[in-house]
Amino acid sequence: MIRPFLKFIDWESSGTEERINVLKRPKSSQNLELKEKVSDIITKIKNEGDKALINFARLYDGVELKQLKVTDAEIEQAFKDTPSDIIEALKTSIQNISKFHSLQKKEDLKVETMSGVVCEKKTYPIEKVGLYIPGGSAPLPSTLMMLGIPALLAGCEEIVLITPPQKNGEVHPVVLAAAKLLNIKNIFKSGGAQAIAALAYGTESVTKVDKIFGPGNAWVTECKMQVGFDPEGAAIDLPAGPSEVLVIADENANPVFVASDLLSQAEHDPSSQVILITTSKNVLDEVEKQIAIQFELNPRKQIALEALKSSRGILTENLKTSVEVSNLYAPEHLIVQVEDLDFVKAKIKHAGSVFLGPWSPESVGDYSSGTNHVLPTYGFARAFSGVSLDSFTKSISFQELSKEGLKNLGPAVEVLAEAEGLYAHKQAVTLRLQYIASEKTEA
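Bear in mind that the values here come from a model prediction, so they are computed numbers and not experimental data.

A. Layout of the sheet that holds strand S8 (residues 235-236). Judged by pairing direction, the sheet is parallel, and its five strands sit side by side in the order S6-S5-S4-S7-S8 without closing on themselves. Looking at strand neighbours, the two that pair on one side only are strand S6 (187-189) and S8, the edges of this open sheet.

Given below as structure tokens:
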């Protein structure tokens, strides 16, 4: 029997250093060597464009691409090849995701802050967005839906989809089937850092976009960070690391369910992390037994086994402490299997997405419940939200003052500008007020 929780502590009897160590994420592979290699990839994409993308496909994907863009015929064929039950499942997911995200639309604001001073805030779609859909060990049409649907609802003028080709040189048919259902046609075959660079700077085929969305491995993440800091690059959705889940369970939790939730994240990536916080030693022991049983049935057990090396089991004195520890970790996914759900819900401060009760596995959020599964990882949930409709929009503020408005507001602005030593700022107001005063004098 494997022992999944290679690091187990009793929170109450542990010291500060041990508590800090047990909540540490696996070490990031974004080292100096990786940064330099990604920088080299960016330079090649800038200088060689499509040629570099084709060469990288040969080098990293082992395929010879005749062209980068997916044809309409390829999309149609993929749709025909996709089983009907998968098409229906995609439609269900699209319906729910659309329903939840459509309610996130914001009304424009307009207010008169004081007599003659009118302020407005208007929301606009980001014109050009790039959606990166990882290939890796599994196709992710779910990520395409999570990104494509809010992009469409926001009204983005151009949506560019880029995803790695399979060994046969084709994009996985289920991904293309989802794209057809969303009517996304601007699709390119490329993966890794080179795909992100292509979106950020453009090539002969790939349109340069304003903002890039989508998860990926360490290479993708590093490239997103580099292009995001480059004024000539593109904005990014959010910083992200390997996927993770934290489960809070009390003595009433079902160990079978808890184990299945932990394994559902462990199978994502060898760098994924799973954590169980429980008030019951019995639950901890039973979950370990269940992981051992379920683990043997998982065809992705080797991936899960590596992830389980970074797993954690934490025993707490009470539910209040369990939530406090969870907030310290700030998980991407938080699953709550306790009797007093309202207590936990009221105390949660930091999490990407929360799954309440025994009948809400993390899997439903990954695919079909309606919430978005592109979420902050690696503790970024303390300051970042997951992807939403807002991610695909920007706001512009407006202000319009009448002469009366400037007379009312101007003196306060003059005082503050002078206090900051900004003479020209003050003069921009003073000259106008003098002009208004002279008009009255002439009259």
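This is not the end of the story, as more comes after the structure.
B. Layout of the sheet that holds strand S2 (residues 109-114). Spatially, S2-S3-S14 is the arrangement adopted by the three strands of the open sheet, whose pairing is antiparallel. The strands lining the two open edges of the sheet, one partner per strand, are S2 and strand S14 (393-401). Taken pair by pair, the neighbouring strands of this sheet meet at an average axis angle of 20°, ignoring direction. Here nine bridges tie strand S3 (residues 117-125) to S14, and the two strands are oriented antiparallel to one another. Residue pairing across strands places Val118 opposite Glu400, the latter belonging to S14.

C. Layout of the environment of Ile212. Looking at the secondary structure, you find Ile212 in strand S7 (residues 211-213). When the C-alpha positions of Ile212 and Ile236 are compared, they lie 4.8 Å apart, and in sequence the two are 24 residues distant.

D. Molecular detail of the pairing of strand S13 (residues 353-356). On S13, burial follows the alternation: Ser353 and Phe355 on one face are buried, whereas Val354 and Leu356 on the facing-out side are not. Of the pairings in the sheet, the one linking strand S12 (residues 333-337) to S13 comprises four bridges and is parallel in character. Bridge pairing in S13 places Leu334 opposite Val354. Between the parallel pair S12 and S13, the chain is carried across by helix H14 (residues 341-347), and the sense of this crossover is right-handed.

E. Broad picture of the packing of aromatic side chains. For the coordinates displayed, the defined rule picks out five aromatic pairs. Taking 5.4 Å as the distance between ring centres and 65° as the angle between the ring planes, the aromatic pair formed by Phe257 and Trp359 counts as edge-to-face. A residue pair is termed long-range when its members are at least 10 positions apart, and Phe257 in helix H10 (residues 255-266) and Trp359 in the loop between S13 and helix H15 (362-367) qualify at 102 residues. Exposure remark for Phe257: the relative accessible area of 26% places this residue in the partly exposed category. An angle of 90° between the planes, with centres 5.9 Å apart, marks the rings of Phe380 and Phe384 as edge-to-face. By relative accessible area, Phe380 is classed as partly exposed at 33%. Phe384 gets classed as partly exposed once you look at its relative accessible area, which sits at 36%. Connected via pairs of aromatic rings, a cluster forms that spans Phe56, Tyr60 and Trp219. Stacked on the ring of Tyr201, the Lys or Arg Lys46 has its end atom at 4.5 Å from the ring centre. Positioned over the ring face of Phe79 is Lys180, at 5.6 Å from the centre of the ring.

F. The arrangement of the nonpolar core in detail. Core analysis: the largest hydrophobic core is formed by 37 residues, its most contacted members being Val129, Leu131, Leu144, Leu147, Leu161, Ile184 and Phe392. Where this core is concerned, the elements lending two or more residues are helix H4 (72-81), helix H5 (84-102), strand S4 (128-132), helix H6 (141-154), strand S5 (158-163) and helix H7 (173-182). Per-element tally for this core: the top contributor is H6, with seven residues. Leave out the neighbours within four places in its chain, and Phe392 touches Tyr124, Pro125, Ile126, Val129, Leu131, Leu147, Pro150, Ala151, Ala154, Cys156, Phe213 and Val387. Within the second largest apolar cluster, 33 residues are counted, among which are Leu65, Ile196, Ile212 and Cys223.

G. Structural view of the pattern of salt bridges. Scanning the entire structure with this criterion turns up 20 salt bridges. Between Glu33 and Lys37 there is a salt bridge, with its nearest N and O atoms 3.1 Å apart. Residue Glu33 and its partner Lys37 are located together in helix H2 (residues 32-48), separated by four residues, close to a single helical turn. For the salt bridge of Lys426 with Glu418, the shortest nitrogen-to-oxygen distance reads 2.9 Å. Within the structure, one salt-bridge network assembled from shared partners comprises Glu74, Glu170 and Lys189.

H. How the structure looks around a negative patch on the surface. A contiguous patch of negative charge, built from Glu251, Glu339, Asp340 and Asp342, is present on the exposed surface. Looking at where Glu251 falls in the secondary structure, it is placed in the loop between strand S9 (244-249) and H10. The exposed category is assigned to Glu251, whose relative accessible area is 51%.

I. Summary view of unusual backbone geometry. One non-glycine residue with positive phi stands out, namely Asn183, at about 60°. Along the chain, the position of Asn183 falls in the loop between H7 and S6. Of note, Ala330 is a non-glycine position whose phi angle comes to about 55°, a positive value. Position of Ala330 among the secondary structure elements: in the loop between helix H13 (319-329) and S12. For Ala330, a relative accessible area of 0% corresponds to the buried category.

The rules behind the values
- Residues numbered from 1 in each chain as written.
- Predicted model: local features only at pLDDT ≥ 70, side-chain atom pairs only at ≥ 80, totals over all residues.
- Heavy atoms only, no water.
- Pairing = 2+ DSSP bridges.
- Helix = DSSP H or I, 4+ residues; strand = E, 2+ residues; numbered from the N terminus.
- Axes fitted to C-alpha atoms, helices over the stretch in contact; angles between N-to-C directions.
- Buried < 20%, exposed > 50% of the residue type's maximum accessible area, 1.4 Å probe, protein only.
- Right-handed = clockwise from strand over helix to strand, strands pointing away.
- Phe/Tyr/Trp six-rings, centres within 6.5 Å; stacked < 30°, edge-to-face > 60°.
- Lys NZ or Arg CZ within 6 Å of the ring centre and 35° of its normal.
- Core = buried A, V, L, I, M, F, W, Y, C linked by side-chain atoms within 4.5 Å.
- Contact = heavy atoms within 4.5 Å.
- Salt bridge = Lys/Arg side-chain N within 4 Å of Asp/Glu carboxyl O.
- Patch = residues over 30% accessible without salt bridge, like charges linked within 9 Å, V, L, I, M, F, W, Y side chains within 5 Å.
- Areas by Shrake-Rupley, 256 points an atom, 1.4 Å probe, with all protein chains shown as cover.
- Lys, Arg positive; Asp, Glu negative; His and termini not counted.
- Charge placed at Lys NZ, Arg CZ, Asp CG, Glu CD.

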